Amino acid sequence: MKIIIATHNIGKLQEMNFLFTEFIPKNYNINLVSLNKYPDIPEVIEDGDSFQANAEKKALFTANYTGEMVIADDSGLVVDALNGEPGIFSSRYSGENATDEQNIEKLLENLKDIPEELRTAHFACVISIATPNNIIGSFKGICNGIIGTKPQGDNGFGYDPLFIRTDIGKTFAELPHDVKNRISHRARAFEKAASLIEKNIKLIEKI
Ligand code: IMP
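Residues numbered from 1 in each chain as written. Predicted model: local features only at pLDDT ≥ 70, side-chain atom pairs only at ≥ 80, totals over all residues. Heavy atoms only, no water.

Draft legend 1. Region of interest: the overall build of the protein chain. Secondary structure assignment for the protein chain yields five helices and seven strands. Starting at the N terminus and walking to the C terminus, you meet the elements of the protein chain as β-α-β-α-β-α-β-β-β-β-α-α. Relative to the 2.2 N^0.38 estimate, which gives 17 Å for 207 residues, the radius of gyration of the protein chain is 17 Å and therefore close to what a compact globule would have. Reported as C-alpha extents along the three principal axes, the dimensions of the protein chain are approximately 55 × 35 × 25 Å. Split by element, the accessible area of the protein chain, about 10500 Å² in all, is 48% carbon and sulfur. One finds the centroid of the 22 positive side-chain charges in the protein chain at a distance of 6 Å from the centroid of its 29 negative side-chain charges. (Helix = DSSP H or I, 4+ residues; strand = E, 2+ residues; numbered from the N terminus. Rg over C-alpha atoms; globule rule 2.2 N^0.38 Å. Areas by Shrake-Rupley, 256 points an atom, 1.4 Å probe, with all protein chains shown as cover. Lys, Arg positive; Asp, Glu negative; His and termini not counted. Charge placed at Lys NZ, Arg CZ, Asp CG, Glu CD.)

Draft legend 2. Spatial organisation of the sheet that holds strand β2 (residues 31-34). On the basis of which strands lie adjacent, the open sheet formed by seven strands has the order β2-β1-β3-β4-β5-β6-β7 and mixed pairing. Across the chains shown, the open sheet's two edge strands, defined by having one partner strand only, are β2 and β7 (170-171). Of the strand pairs in this sheet, strand β3 (residues 69-79) and strand β4 (residues 120-131) are connected by 10 bridges, and their pairing is antiparallel. Residue pairing for β4: G76 is matched across the bridge by A124. Strands β1 (2-5), β3, β4 and β5 (134-147) of the sheet are contacted by helix α5 (residues 185-205), whose axis makes an angle of about 160° with β5. (Pairing = 2+ DSSP bridges. Contact = heavy atoms within 4.5 Å. Axes fitted to C-alpha atoms, helices over the stretch in contact; angles between N-to-C directions.)

Draft legend 3. Fine view of the layout of surface pockets. Its volume calculated, the largest pocket comes out at about 1400 Å³. Contributing elements (two or more residues each) for the lining of the largest pocket: α1 (10-23), α2 (51-66), β3, α3 (100-110), α4 (177-183) and α5. Counting residues per element, the lining of the largest pocket draws most heavily on β3, at five residues. For the lining of the largest pocket, the per-class residue count stands at 12 nonpolar, 18 polar and 13 charged. (1 Å grid on protein atoms, 1.4 Å probe; cavity = no way out; pocket = protein on both sides within 12 Å on 5 of 7 lines; lining within 4 Å. Points joined across faces, edges and corners; volume = space filled by probe spheres on them. Nonpolar A, V, L, I, M, F, W, Y, C, P; charged D, E, K, R; others polar.)

Draft legend 4. Looking closely at the side chain of K58. Its location among the elements puts K58 in helix α2. When neighbours within four sequence positions are excluded, K58 is seen to be in contact with A6, V44, E46, A72, D73 and D74.

In structure tokens, the structure reads:
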């Protein structure tokens with residue numbers, strides 16, 4: 001059976017494959033397919049006012065376009081001292097087409113007078129599951145940390161070099177991929193979504 005992952009990003013597809021093996025260990029003979037298999041699919045404008053609204057919009061549109069079961073996610077960094085910024089604007093914090101480096105620079109600038117104990121933040125992710133004309137469910141996961149004063153580490157993407165897990169004492173960018181992928185906001189959201197995903201696989205496959 002085919003499940004569409006609503007992304008063009010190969011890294012995210014690999015991460016979803018990892019999460020399936022981790023949280024749905026039974027082998028259902030599932031093939032996860034990214035949007036790269038649908039080159040003509042129109043881009044979904046992420047104009048919702050929450051992670052959930054954006055994830056559901058992507059999931060439903062993609063399910064209606066492909067006729068398949070879809071998993072979509074929306075995520076971002078929520079910084080307490082900045083009233084939740086950059087939030088749903090995380091990828092374009094310093095402007096449309098901003099690079100990770102530009103976004104990091106803007107975040108450091110906005111936090112430059114904020115002391116360590118007030119630099120608390122979390123990554124948030126909402127995973128939505130849809131079939132044509134039907135949102136089956138949406139699940140939120142978060143991962144707490146603090147924002148460092150300089151980028152550290154070469155793994156990962158986005159704000160990973162600034163996001164310090166205080167219990168580990170390292171940024172996400174200093175952790176091996178499999179360690180980050182087990183504790184991340186996406187893993188926490190997927191863990192909650194797993195039993196519903198499994199239930200729908202069984203329904204569709206008539207197992
Ligand atoms: P999207 O949900 O894949 O569109 O991600 C939105 C943006 O949030 C990304 O472009 C990153 O800037 C940020 N972000 C989301 N998840 C992570 C993460 O695990 N590490 C670092 N940045 C992230």
